[in-house]
Amino acid sequence: MAGQAAAVILGRYYYDQGGNSKWLATLVQTAAFPILYIPLFLLPASQEVSSSSRYPSFVTLALVYLVLGAILAGDNMLYSVGLLYLSASTYSLICASQLAFNAVFSYFINSQKFTALILNSVVILSLSAALIAVNEGSEGPSKVSKWKYILGFISTVGASAIYSLLLSLMQLSFQKVLKRQSFGVVLDMQIYTSFVATCICIVGLFASGEWRTLSGEMQGFGKGKVSYVMVIVWTAVSWQVCSVGVVGLIYVVSSLFSNVISTSSLAITPVVSVIVFHDKVNGVKVIAMLMAIWGFASYIYQNYLDDYRSRKSRYDGETRNDP
């Protein structure tokens, strides 16, 4: 949660201070994956024990990582476009819609049950995003045109939908393909999908010609060259911290629960963005934020009920088996 909030704020700061490369903003979301080799190498060998099921072939693993990595790259590009044309607070509120998308994908892909509370959240979060879309008082940073605002909105909603699909596909991969019981599996998933996404972004950076503008971008950065480098580095690190937590929660619990926790940053990011970037907050945006928090709370309560019933069922079973 903290990693995602920091990454969004730093990403918006990059654009505010003169950064304009969408491919670089996309690249930093995955480029710091080599730091994950540190915990991977430090894992005790005893934790890398495979289950009794047959280990997937190299071709199968490569296909899984290639497909998920390509989806990740496209998703990150859409997020970068959204953050370029939207304020950080508006961007974060729209991102809450990923919970609604995730509920639908989890139902069809992961057989997640669809309860009244989850349905309530889907409706509330959808209405929250709709309020942001029709809010006449909404504007992007530096008063971007209405067309660019709409483009940013559509990109962010599309990215939220694709991100939710990606989480469900990752959960399916853990359950049906990888089938191993170790944290190393989580790191492998993050490292190899990030590697694929990073390669795609590097190709895009050079193919688009944006690499030619990076030197001038650094020279003209509002807070100087050192600040430019630090923003890029810490944005990359923050995204990796966030991503490992997200993938780990998918592995341990579910894609739906992982999305709930990561989206909780919406309660932090709008407040910080108002303080740091002086984002305008009108009545409609406040209502949208309260609705998003309401939808988030419904998810949390549903997870609490599921956990309570699970523990009660285990306790009743142990009681019956106790002589």
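Residues numbered from 1 in each chain as written. Predicted model: local features only at pLDDT ≥ 70, side-chain atom pairs only at ≥ 80, totals over all residues. Heavy atoms only, no water.

A. View of the nonpolar core. Counting 43 residues, the largest nonpolar core has Y14, L24, Y91 and Y228 as the members making the most contacts within it. Counting residues per element, the ones that place at least two in this core are α1 (2-16), α2 (22-27), α4 (58-85), α5 (88-95), α8 (146-178), α9 (183-208), α11 (225-252) and α14 (283-321). Sort the elements by how many residues they give to this core and α11 lands first, with seven residues. Residues L61, L68, L166 and V247 belong to the second largest nonpolar core, which totals 15 residues. (Core = buried A, V, L, I, M, F, W, Y, C linked by side-chain atoms within 4.5 Å. Buried < 20%, exposed > 50% of the residue type's maximum accessible area, 1.4 Å probe, protein only. Helix = DSSP H or I, 4+ residues; strand = E, 2+ residues; numbered from the N terminus.)

B. Spotlight on the pattern of salt bridges. For the structure on display, the rule yields one salt bridge. The closest approach of N and O atoms between R12 and D16, which form a salt bridge, is 2.8 Å. Of this pair, R12 and D16 both sit in helix α1, separated by four residues, roughly a single helical turn. Under the relative-accessibility criterion, R12 is labelled buried at 4%. (Salt bridge = Lys/Arg side-chain N within 4 Å of Asp/Glu carboxyl O.)

C. Structural detail: the environment of Y107. Of note, Y107 is situated in helix α6 (residues 98-109). Remark: the alpha-carbon pair of Y107 and S168, spanning 61 residues in sequence, is separated by 9.4 Å. Setting aside its immediate chain neighbours within four residues, Y107 contacts Q112 and F114. (Contact = heavy atoms within 4.5 Å.)

D. Layout of the environment of A88. Inspection of the secondary structure puts A88 in helix α5. Look at A88 and you get buried, because its relative accessible area is 1%. Put simply, A88 and L10 are 78 residues apart on the chain and 9.8 Å apart in space, counted from C-alpha to C-alpha. Setting aside its immediate chain neighbours within four residues, A88 contacts R12, L83, T269, S273, F277 and D279.

E. Inspection of the packing of aromatic side chains at higher detail. This structure, assessed with the given rule, holds 11 aromatic pairs. Where Y13 meets F221, the ring centres are 6.4 Å apart and the plane angle is 70°; that geometry is what we call edge-to-face. Of this pair, Y13 sits in helix α1 while F221 sits in the loop between α10 (214-219) and α11, and the two are 208 residues apart along the sequence. Both residues of the pair, Y13 and F221, count as buried. Of the aromatic side chains, those joined through ring pairs into one cluster are Y13, Y14, Y15, F221 and Y228. (Phe/Tyr/Trp six-rings, centres within 6.5 Å; stacked < 30°, edge-to-face > 60°.)

F. Quick peek at the side chain of E217. By secondary structure assignment, the location of E217 is in helix α10. Of the side chains with opposite charge, K22 comes closest to the buried, unpaired E217, at an N-O distance of 9.7 Å. The residues contacting E217, other than those within four sequence positions of it, are Y14, G18, G19, N20, S21, L24 and Y228. (Lys, Arg positive; Asp, Glu negative; His and termini not counted.)

G. Looking closely at the environment of V67. In this fold, V67 is placed in helix α4. Measuring from C-alpha to C-alpha, the distance between V67 and L166 comes to 9.8 Å, with 99 residues separating the pair along the chain.

H. Layout of empty space enclosed by the protein. The tally for this structure, following the rule as stated, stands at four cavities of 30 Å³ or more. Considered as a void within the structure, the largest cavity measures approximately 300 Å³ in volume. In terms of lining, the largest cavity is formed by 21 residues, of which the most central are L72, N76, Y163, W239 and S243. When contributions to the lining of the largest cavity are tallied by element, the ones reaching two or more residues are α4, α5, α8 and α11. Ranked by residue count, the leading element in the lining of the largest cavity is α11, at five residues. Of the residues assigned to the lining of the largest cavity, the class counts are 12 nonpolar, eight polar and one charged. In this structure, the second largest cavity spans a volume of roughly 130 Å³. Put simply, the parts of the chain that give the lining of the second largest cavity at least two residues each are α1, α4 and α11. The biggest single contributor to the lining of the second largest cavity is α1, with five residues. (1 Å grid on protein atoms, 1.4 Å probe; cavity = no way out; pocket = protein on both sides within 12 Å on 5 of 7 lines; lining within 4 Å. Points joined across faces, edges and corners; volume = space filled by probe spheres on them. Nonpolar A, V, L, I, M, F, W, Y, C, P; charged D, E, K, R; others polar.)

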